[in-house]
Amino acid sequence: MKIAFLGDIAVLEERSLQNGEQYFRKVAEYLKGFDCVICNLEAAVTPRTTTWTPKSMHLRTDERIITILRQLHVDCVVLANNHVGDYGRKGLMDTVQTLKNAGIPYVGVDGTVWRVTM
């Protein structure tokens, strides 16, 4: 089994979100060769703008990230990182609900588990 582990995925710019298919075309083509793709989703997926953590950078994106995750053939995302909680518990729950609605498994919060079977 070939597994690809991707680092931080945080598509934040409007231009990148609108044109994700074009920007990530070559990477998506490469990732087709893997049986499983796992990435770290390094941003909350939320419309919220109130932050809860005092730090220099708060990362958030919107639901269009799902299209990019699908294009990159992502099978599961990791949420155990320093930005998923930037917009509080509600921002985290927005992220979880967006992933659930899209059918994308996640790990790293609330004791979630995901297994790959062949």
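You'll find the structure just up there.
Thresholds applied
Residues numbered from 1 in each chain as written. Predicted model: local features only at pLDDT ≥ 70, side-chain atom pairs only at ≥ 80, totals over all residues. Heavy atoms only, no water. Helix = DSSP H or I, 4+ residues; strand = E, 2+ residues; numbered from the N terminus. Rg over C-alpha atoms; globule rule 2.2 N^0.38 Å. Buried < 20%, exposed > 50% of the residue type's maximum accessible area, 1.4 Å probe, protein only. Salt bridge = Lys/Arg side-chain N within 4 Å of Asp/Glu carboxyl O. Pairing = 2+ DSSP bridges.

(A) Expanded view of the overall build of the protein. A count of helices and strands for the protein gives five helices and six strands. Along the protein, helices and strands appear, N-terminal first, in the series β-α-α-α-β-β-β-α-β-α-β. Taking 118 residues into account, the globule formula puts the C-alpha radius of gyration at 13 Å, and the protein, at 14 Å, falls close to it. Per-residue burial for the protein yields a buried fraction of 42% across its 118 residues.

(B) Layout of the pattern of salt bridges. Counted according to the given criterion, the structure contains six salt bridges. Where Asp110 meets Arg89, a salt bridge forms, and the shortest distance between an N and an O atom there is 3.1 Å. Placement of the pair is Asp110 in the segment after β6 (106-107) and Arg89 in helix α5 (residues 88-102), with a sequence separation of 21 residues. When its relative accessible area of 55% is taken as the criterion, Asp110 is described as exposed.

(C) Geometry of the environment of Ala10. Checked against the element boundaries, Ala10 lands in the loop between β1 (3-9) and α1 (14-18). Ala10 sits 33 residues away from Ala43 along the chain, and the two C-alpha atoms are 5.5 Å apart.

(D) Structural detail: the pairing of strand β2 (residues 36-41). With six of its six residues buried, β2 lies for the most part within the structure. Burial along β2 is two-sided: Cys36, Ile38 and Asn40 facing one way and Val37, Cys39 and Leu41 facing the other are all buried. Inspection of the sheet shows β1 paired to β2 by six bridges, in the parallel sense. Following the sheet pairing, Ile3 is matched in β2 by Cys36. With three bridges joining them, β2 and strand β5 (residues 76-78) adopt parallel strand pairing. Across the sheet, the residue bridging to Cys39 is Val77, located in β5.

Geometric values such as these leave the question of function open.
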